[in-house]
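If you want the building blocks of each chain, they are given just below.
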Amino acid sequence: MSGRRVVVFPSAAELGPALAHLVASRADKALLDHGRFSLGLSGGSLVSMLSKELPALPDLDCSHWLAGFCDERLVPFDDGESTYGLYKNQLFSKINIPDSGVLAIDPSLSVQECAEDYARKLKEAFPKEDIPVFDLLLLGMGPDGHTCSLFPDHPLLEETQKIVAPIGDSPKPPPQRVTMTFPMVNLARCVVFVSTGGSKAPVLKQVLEGGEGPALPAARVVPSQGELFWLIDEPAAASLTLQVERPGSAAKL
Ligand SMILES: O=C(O)[C@H](O)[C@@H](O)[C@H](O)[C@H](O)COP(=O)(O)O
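None of the values given here were measured: they were computed from a predicted structure.

1. Observations concerning the sheet that holds strand S2 (residues 37-41)
Part 1: As summarised here, the arrangement of the six strands in space is S1-S9-S8-S5-S2-S3, forming an open sheet in which the pairing is parallel. The strands lining the two open edges of the sheet, one partner per strand, are strand S1 (4-9) and strand S3 (65-69). Each neighbouring strand pair of the sheet contributes to a mean axis angle of 20°, computed without reference to strand direction.
Part 2: Taken together, the three bridges between strand S5 (residues 136-139) and strand S8 (residues 190-195) define a ladder with parallel strand orientation. Bridge pairing in S8 links Leu137 to Val191.
Part 3: Each of S1, S8 and strand S9 (227-233) touches helix H6 (residues 201-209); the most contacted strand, S9, lies at about 155° to it.

2. Focus: the nonpolar core
Part 1: In this structure, Leu19, Phe92, Leu138, Val192, Trp230 and Leu231 are the most contacted members of the largest nonpolar core, which totals 89 residues.
Part 2: Leaving out residues up to four positions away in the same chain, Leu138 has contacts with Leu19, Val23, Leu39, Gly40, Leu41, Ser42, Leu46, Leu50, Cys70 and Val192.

3. Structural notes on the site of the ligand
Part 1: In the vicinity of the ligand, the contacting residues are Gly43, Gly44, Ser45, Asp71, Arg73, Met141, Gly142, His146, Cys148, Lys172, Arg177 and Lys200.
Part 2: The contact in question runs from an oxygen atom of the ligand to an N or O atom on the side chain of Arg73, over 2.8 Å.
Part 3: Contacts to the ligand include Arg177, whose side-chain N or O atom sits 2.9 Å from an oxygen atom.
Part 4: Protein burial of the ligand: of its 420 Å² of free accessible surface, 87% is covered by the chains.

4. Focus on the sheet that holds strand S4 (residues 71-73)
Part 1: Spatial strand order, S4-S7-S6: three strands in an open sheet with antiparallel pairing. The two strands at the open ends of the sheet, each matched to only one other strand, are S4 and strand S6 (164-167). For this sheet the average axis-to-axis angle between neighbouring strands, irrespective of direction, equals 15°.
Part 2: Here S4 runs beside strand S7 (residues 177-180); their pairing, made up of three bridges, is antiparallel.

5. What to know about the side chain of Thr147
Part 1: If you trace the backbone, Thr147 turns up in the loop between S5 and S6.
Part 2: Overall, the relative accessible area of 1% leaves Thr147 in the buried class.
Part 3: Only 2.8 Å separates the side chain of Thr147 from the backbone oxygen of Gly140, close enough to count as a polar contact.

The rules behind the values
- Residues numbered from 1 in each chain as written.
- Predicted model: local features only at pLDDT ≥ 70, side-chain atom pairs only at ≥ 80, totals over all residues.
- Heavy atoms only, no water.
- Pairing = 2+ DSSP bridges.
- Helix = DSSP H or I, 4+ residues; strand = E, 2+ residues; numbered from the N terminus.
- Axes fitted to C-alpha atoms, helices over the stretch in contact; angles between N-to-C directions.
- Contact = heavy atoms within 4.5 Å.
- Core = buried A, V, L, I, M, F, W, Y, C linked by side-chain atoms within 4.5 Å.
- Buried < 20%, exposed > 50% of the residue type's maximum accessible area, 1.4 Å probe, protein only.
- Near = heavy atom within 4 Å.
- Polar contact = N/O pair within 3.5 Å; in protein donor to acceptor, adjacent residues only side chain to side chain.
- Areas by Shrake-Rupley, 256 points an atom, 1.4 Å probe, with all protein chains shown as cover.

In structure tokens, the structure reads:
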């Protein structure tokens, strides 16, 4: 890992534009390096933040983007719980990403088959790599410390073979999901967590500064070669004592 950066913004409203600039800068770099930008998306508040901020960037060209999902809920696309459905309506409709540039699950399959099918699609999209290396993964963290659909104390935390795994007993509904696993997440070139609001303060302290017991899932995201950012707001940072960056709203990360 090339060093974890914890960056604190006064509020989520000021964090959003900095996140969009970070996405655009990693996209520019990836397009120069290898002609494509691969982006892993997560649900939660990231959907509305990205849908507001990315289309507002001047000259954003997503024609060579590949968007996948760090995890996905096994529900039909027109169900309000579908992460793909939310991004399709709120973001993909506003940027010039081609349909072929979006790697979605097949929600008609069983959860096992769905994970296998999604893993196959990912491998096909990254034919030169044994394990797909995403340019950028955007992650959220639940108040229990989960990220992707990797929940505390769940056997999936120990998965070493599969790049995508099914989960049929998610403690957070809906219960059936598919998720990237740590072996894939930790190979990404850049991972960015976005976590805002005072309700995240206790778990952020535990994840970023350590605590009793086994490391929470979000703390186990440690890219082996890549960058790791935690973009948080002041309420979420309230309990932290570690050194953080406070770059202001015009931050270029
Ligand atoms: O699949 C889910 O149930 C959610 O997507 C969930 O994992 C979310 O990403 C986190 O709870 C962070 O949520 P916030 O971004 O709202 O903090």
